[in-house]
Amino acid sequence: MPQTPDTRNITLEQMRAFVAVAHSRSFQKAGQKLCRSQSAVTQSVKKLEDLLNSTLVERGNGHTFGLTAAGERLLPQIEDMLVRVDALLRAACQPELRGRITVGIPPSFSTVELQAAMARLLALNPNLQIGVLSAMSADIDRMLVEGRLDVALINQYRFDSSHAPDGIFEVLAQQPLHWVSGSPVDIGPAAPVPLVTYSEGSPWRAATLETLDAAGRAYEFAYECASYESLCSSVLAGFGITALPEWDTDGRFVVLDGKGNLPPLPQVRTVLKTATSSPVLQQFCEFIIQLPFFKNLRAQG
């Protein structure tokens, strides 16, 4: 009969050590990140494994090989617990957020992480209201200037760091685009590329078309859409290929970089912008900036 894990003695220090090792794939780098010795991080992770009766990190001969299946399964839950604790501590040290904040999000952005984070923020601040509007990045930028949005998450291909003098600006994540499909495909060097892409106004679309045009590569539109979900489903159904940053892909996609004479794609990024600043906006934006999803992407970059 399996032994019941002793969860009463699990500490935040142990969980943070495990998360740091999981993302750095190194006890030494995790120690540097946490400002702790390598041996202290190793002991914290080992204690957590003992309390859970489960090996979380694959290691041997002084090397870290990654997470075990149990480690992969528990990592999101442990990260979520730490986010909740950090949010609770920040809420205890700061005044309650009140009023209404309207946020613009591009459809290419996977909103699951952000939705869960906003739900936690609302639970801690019952007098706060959050409205979310999904639109193409060009439209979001325009609506921010027009005063229709308080906070804008904007995808960029041609990097533009301009913002209102009194506003907030932060790069949330930066990665190259990748050619991806739903299954292995063989596109002849002379054949037109069957493109699945976002509608006009998407930086991912602009980067893709400009890259193909510069390489003199013919293409045809197989599917155009305005939502991330439609783009993914059409690619996975076999309509064609698309270009996405790694943060918008998962194990369902096949990366085609370097195949079929496809030209390399440029770097893209997601930024956070506001047109004005206030204690409420500053606190809200800091909450978004410190989400593990974005912090991990910045660490990888």
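Please refer to the structure higher up on the page.
So, a few notes on the structure that sits alongside this text. Values in this document were obtained by computation on a predicted structure and should not be read as measured data.

The rules behind each value
Residues numbered from 1 in each chain as written. Predicted model: local features only at pLDDT ≥ 70, side-chain atom pairs only at ≥ 80, totals over all residues. Heavy atoms only, no water. Helix = DSSP H or I, 4+ residues; strand = E, 2+ residues; numbered from the N terminus. Buried < 20%, exposed > 50% of the residue type's maximum accessible area, 1.4 Å probe, protein only. Contact = heavy atoms within 4.5 Å. Arc of directions from axis to C-beta. Axes fitted to C-alpha atoms, helices over the stretch in contact; angles between N-to-C directions. Parallel < 35°, antiparallel > 145°, perpendicular 65-115°, else oblique. Left-handed = near helix turned anticlockwise from the far one by under 90°. Nonpolar A, V, L, I, M, F, W, Y, C, P; charged D, E, K, R; others polar. Core = buried A, V, L, I, M, F, W, Y, C linked by side-chain atoms within 4.5 Å. Disulfide = S-S within 2.5 Å. Pairing = 2+ DSSP bridges. Phe/Tyr/Trp six-rings, centres within 6.5 Å; stacked < 30°, edge-to-face > 60°.

**Description of the overall build of the protein chain**
Thought 1: In terms of helices and strands, the protein chain carries ten helices and eleven strands.
Thought 2: Taken over the C-alpha atoms alone, the protein chain extends approximately 60 × 50 × 35 Å along its principal axes.
Thought 3: Here the protein chain holds 301 residues, and 44% of them are scored as buried.
Thought 4: Long-range contacts, defined here as pairs at least 24 residues apart, represent 76% of the contacts in the protein chain between residues at least 6 apart.

**Describing helix H6 (residues 137-145)**
Since the α-helix turns once every 3.6 residues, residues separated by three or four places project in the same direction.
Thought 1: The complete set of buried residues in H6 reads Ser-137, Ile-140, Met-143 and Leu-144. The arc enclosing the buried residues of H6, seen along the axis, measures out at 125°, which places them on a common side.
Thought 2: Contacts from the buried residues of H6 go to strand S3 (99-105), strand S4 (128-134), strand S5 (151-156), helix H7 (203-214) and strand S11 (267-273).
Thought 3: With its phi angle positive at about 85°, Gly-147 sits one or two positions after the end of H6.

**Some points on the packing of helix H1 (residues 12-24) against helix H2 (residues 27-34)**
Thought 1: At a minimum axis separation of 8 Å, H1 and H2 run at an interaxial angle of 125°. Judged on the interaxial angle alone, H2 and H1 are oblique. Remark: the crossing between H1 and H2 carries right-handed chirality. For the pair H1 and H2, the contacting residues are Arg-16, Ala-17, Ala-20, Val-21 and Ser-24 in the first and Phe-27, Lys-29, Ala-30 and Leu-34 in the second.
Thought 2: When its residues are assigned to classes, the contact of H1 with H2 shows six nonpolar, one polar and two charged.

**A look at the nonpolar core**
One broad rule of soluble globular proteins: the nonpolar side chains tend to lie buried together.
Thought 1: Counting 30 residues, the largest nonpolar core has Leu-177, Trp-179, Tyr-198, Trp-204 and Ile-241 as the members making the most contacts within it.
Thought 2: Those elements giving two or more residues to this core turn out to be strand S6 (169-181), strand S7 (193-198), H7, helix H8 (228-236) and strand S9 (242-245).
Thought 3: Non-local contacts of Ile-241, meaning those with residues more than four positions away in its chain, are made with Trp-179, Val-180, Ser-181, Val-185, Ile-187, Val-193, Pro-194, Leu-195, Val-196, Leu-256 and Leu-262.
Thought 4: Core analysis: the second largest hydrophobic core is formed by 24 residues, Ile-168, Leu-281, Phe-287 and Ile-289 among them.

**Side note on the state of the cysteines**
Thought 1: Taken as a whole, this structure holds zero disulfides when the rule is applied.
Thought 2: Note on Cys-225: no disulfide assigned, nearest cysteine sulfur contributed by Cys-232 at a separation of 8.6 Å.
Thought 3: On the accessibility criterion, Cys-225 (7% relative accessible area) is buried.

**Focus on the pairing of S3**
Thought 1: Summarising burial for S3: five of the seven residues are buried, a large majority.
Thought 2: Of the pairings in the sheet, the one linking S3 to S5 comprises two bridges and is parallel in character. Along S5, the bridge assignment pairs Gly-104 with Ala-152.

**Observations concerning the packing of aromatic side chains**
Thought 1: Throughout the structure, instances matching the rule amount to three aromatic pairs.
Thought 2: Ring centres 5.8 Å apart and planes at 70° place the aromatic pair Tyr-219 and Phe-221 in the edge-to-face group.
Thought 3: Overall, Tyr-219 belongs to the partly exposed group, its relative accessible area being 25%.
Thought 4: Under the relative-accessibility criterion, Phe-221 is labelled partly exposed at 37%.
Thought 5: Taken together, a centroid distance of 5.1 Å and an interplanar angle of 70° make the contact between Tyr-223 and Phe-239 edge-to-face. Linking Tyr-223 in strand S8 (residues 219-225) with Phe-239 in the loop between H8 and S9, this pair joins segments that are 16 residues apart in sequence.
Thought 6: Relative accessible area serves as the criterion here: at 31%, Tyr-223 is assigned to the partly exposed category.

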